[in-house]
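Breakdown of the fold
Each chain, letter by letter, is given below.
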Amino acid sequence: MKLIFCEKKAAAQSIAQALHISNDFQPDSIQDKDYILLWSDGHLLETVDYKEYDTRYTSWSRHLLPIIPDHYRYRPVKGKAKRIKEIKKWFDDERIDEIINAADCGREGEVIFWEIYYYCACKKPVTRLWIDSLEEDEILRGMNERKPGKTYLSLFSSGLCRQRADELIGRNFTRLFSDLYKTTLPVGRVQSTVLKMIVDRDQKIENFTPVSKYRLKIKYRGIEFNDDPTEDFDEVQTKQREIEKLQFAIGKTNSKKERRPSPNLFDLTSLMAACSDLFKMKPSETSKIAQSLYEKKYISYPRTDSQYLPESMESVIQKICSRLKEKYRYTRDLQFKKVIDNAMVSDHYAIIPTISAVFTKTDDYLNARERMVMDLIEKRTLTAVAPDHLLLHPQIPAKAKDYIFKATYTDVIDEGWRTLWKQRRKQDIQEGFKQLEEGIYFIPEDIVIHLSKTTPPTYFTYSSLLTAMDKAGDDSFKKLSNDPQISRTGLGTPSTRSQIIQSLEERELINVKNNKIVSTLKGKELIKNLPGEVCKVDMTIMWEKRLTEIYRKVEDPKKFLKDIENYVSLITEEYKNIDIQPDKEIFQPEKTIY
C-alpha cells in the first residue's frame, strides 16, 4: 500500500480522481486498497521559542545575545498536533511500503514534507511526484516517472538553510533592537532590506529639488520644431532674439524604427504586479487567486520564477494558443520560439492556462475576481507569442545658419500584440507633417520659450515594489557574479514577496494608501539606526545566490549556516553595548519583556 502525502486537500482530490481512488473519502484522508492520500494544509511544524531552550531567554535582554541553538527543536503548529498524530500513525502502519511525496513542487513543499518525515522518525522509502499542473494526464505522467525521494533533497537543504538563516537573523536582531528601543521592532533578513529600499525612495522624493529647463520652440503651419533644452535662460533669450527674422529650411527627414517586443509569459511576481496595476489587487490576493486557479486545474503551477517554457512544451503551447486565437479573434501568425528556452526554466515553467481550461472548462466555477485573473493569464499567454509592435519615428529638421530645430511624430508600422489589448496607438500624424518636404523655406510664425521642471521619483506602488524586489532593487547585483542565474534571484521568492510587503504593512513600518507605499516614521527611524549590513541589498542578494547554489549542490549548507551564525554574533556584539535614546512619540515603550 502506498501513502501519498499532499500539501492541500484539493491536490489530494485531483490525484485521487486521476488514479480512480474513490472507495473511501474520509474527512482527513482518501483511501482504497492500494493508496491512502493525506494532506497537511500547510506547515505542520515550527521551531520552538528560544525560552524553551533556556528559561533565561524569557527575557529579551540584548546582553544574552547572540542565541545560536546547538540543534533546532520543533513543535506542532498551534492546532496541528492531532493532524501530526494521524500522519505518524499512517507513516508507522506496516501496510505502507512506500511514501510518495506529492507536496507542492518547490522549496517550501520539500521543507513541509521532510520536516514531518524526520519529525515522525520515519524510515520508509520515499519517491517524489513532481508535476506542473493538476490535470489528469500530468498526474499520470508524474506517477509513472516519479523519482527517488532524495532527488530533490538539496532543495530541502536550501529551504531549511533559508528558514534557519531567517530565524537566526530575525530572532536575534529583533530582540537586540527591541531591547535598545524598549518596544517590539521586527527585523528580518529580507524584510529590512525591502524597508530600506522604500525609505531611500521616500527620502529622495522629500529631498528632491526641481531643476528648471528651457526649450525654444518655433512654429510653422501649426507644427512645433524644438530646440535642445538647457538650464541657461539667458542663453535661450539670446537665441530667441537672434532667430526672430531668420529663414529656416526643411531638411531631409530621418526616420528611426522601434521594435517593442511582446511581454513575456507571467511568473508569479509579474502576475501580482499586473493585477495591482490593472485591478488594484493586493499581491496577497493575487497569490491566493492564482493558487485557487491551480487547484481548480485552470492554470499551471503558479509559484514559479520563470517566464519561459521548455522545448517539451512547444506542442502544448501551440495547442493552447490555437484555442485562444479563436476566443480572442486574433488572426495573426504566432511566434512560439519567443517563449521557449530550456536555460530559463528551473523547477517550474511560466504560468499558462491548462489544456482543459481552454478546451473543456467553463468559468462557472470561478468567482468574479478569479475570472479577471484567468482572463488576464489567457490574454498574456497569447500576447507573449504574438508579433512585436513596430513603430516609426520620423524626425524633420529645420535649419537656419547654425541653428537646428526638429519636429517629430510617431507612426505605427505594425500593431502586433497591442491589438489584443485594444491599445491602438493614437496616430498623431497631421497633414501638415506630410507636406513638410525637403527644401521648403519658411519664417517662423511664432517663437516661444517653453519652461519645464525635472520631476522627483515616484513613490513605490505594489507593482513597482514587486518589480524592484524581483530585480533586487539595485543594479549592483550584476557585479556579484557572471552567472546569469543571479539575475533571477532577487529579494525574497515569488511566493514570499507578497508576505514580506504585507508584514511591513501590518507592523506599521509602511503605510499604503491609494496604492502608494510610504514608509512611516517608525520605519524611517528603524532603518536610520539599523546597521548598514542588515539592510544591504548586495549582502541579501549574495545570501539568496548561495541558497540557490545549495540547491545546485555547489555550496555547502553547513558553511552557509556557519557564516550566518558568525554574522549574527558580530552584529550583536557590536551593538548590544550601545546606548540609544529612542523618540518616545514614535517608539512607545513596552515593559513586558525587557
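Computed from a prediction, not measured in an experiment: that's the story for all the values here.

A closer look at the overall build of the protein
Scanning the protein from terminus to terminus reveals 18 helices and 20 strands. Projecting the C-alpha coordinates of the protein onto the three principal axes gives extents of approximately 100 × 65 × 40 Å. Taken over 594 residues, the protein has a buried fraction of 54%. Long-range pairs, those at least 24 residues apart, make up 78% of the contacts in the protein with a sequence separation of at least 6. Surface summary for the protein: the accessible area is close to 29100 Å², and the carbon and sulfur share equals 47%.

Overview of the confidence of the model for the protein
Looking at the protein, pLDDT values average 89 and 92% of them are 70 or higher. Across residues 476-488, where pLDDT falls below 50, the model places 23 contacts with residues more than four positions away in sequence or in other chains.

Describing the packing of aromatic side chains
One pass over the structure, following the stated rule, counts 20 aromatic pairs. Between phenylalanine 5 and phenylalanine 113 the ring centres are 5.5 Å apart and the planes differ by 65°, which places this aromatic pair in the edge-to-face class. Taken together, the positions of phenylalanine 5 in strand 1 (residues 2-6) and phenylalanine 113 in helix 3 (residues 107-119) put the pair 108 residues apart, joining distant regions of the chain. Here the two residues phenylalanine 5 and phenylalanine 113 agree in accessibility, since each one is buried. Their ring planes at 10° and their centres at 4.0 Å tell us that tryptophan 130 and tyrosine 152 sit as a pair that is stacked. Residue tryptophan 130 is found in the loop between strand 8 (126-128) and helix 4 (136-144), and its partner tyrosine 152 is found in the loop between strand 9 (147-148) and helix 5 (153-181); the two are separated by 22 residues along the sequence. Aromatic rings pair up to connect Phe5, Phe91, Phe113, Trp114, Tyr117, Tyr118 and Phe156 into one cluster. In this arrangement the basic side chain of arginine 83 is found over the ring face of tryptophan 39, its NZ or CZ atom lying 5.5 Å from the centre.

Looking at the pattern of salt bridges
Oppositely charged side chains are able to pair whenever their charged atoms sit close together. The final tally for this structure, using the stated rule, is 45 salt bridges. With a shortest N-O distance of 3.7 Å, glutamate 7 and arginine 303 are connected by a salt bridge. Taken as a pair, glutamate 7 in the loop between strand 1 and helix 1 (9-18) and arginine 303 in the loop between helix 9 (283-295) and helix 10 (314-327) lie far apart in primary sequence, 296 residues in all. Residue classification places glutamate 7 among the buried residues on the basis of a relative accessible area of 4%. The partner of glutamate 224 in a salt bridge is lysine 219, with the nearest N and O atoms 4.0 Å apart. Overall, the relative accessible area of 33% leaves glutamate 224 in the partly exposed class. You can call lysine 219 partly exposed: its relative accessible area is 27%. Connected through shared salt-bridge partners, Glu7, Lys8, Asp104 and Arg303 make up one network.

Calculation criteria
- Residues numbered from 1 in each chain as written.
- Predicted model: local features only at pLDDT ≥ 70, side-chain atom pairs only at ≥ 80, totals over all residues.
- Heavy atoms only, no water.
- Helix = DSSP H or I, 4+ residues; strand = E, 2+ residues; numbered from the N terminus.
- Buried < 20%, exposed > 50% of the residue type's maximum accessible area, 1.4 Å probe, protein only.
- Contact = heavy atoms within 4.5 Å.
- Areas by Shrake-Rupley, 256 points an atom, 1.4 Å probe, with all protein chains shown as cover.
- pLDDT = per-residue confidence, 0-100.
- Phe/Tyr/Trp six-rings, centres within 6.5 Å; stacked < 30°, edge-to-face > 60°.
- Lys NZ or Arg CZ within 6 Å of the ring centre and 35° of its normal.
- Salt bridge = Lys/Arg side-chain N within 4 Å of Asp/Glu carboxyl O.

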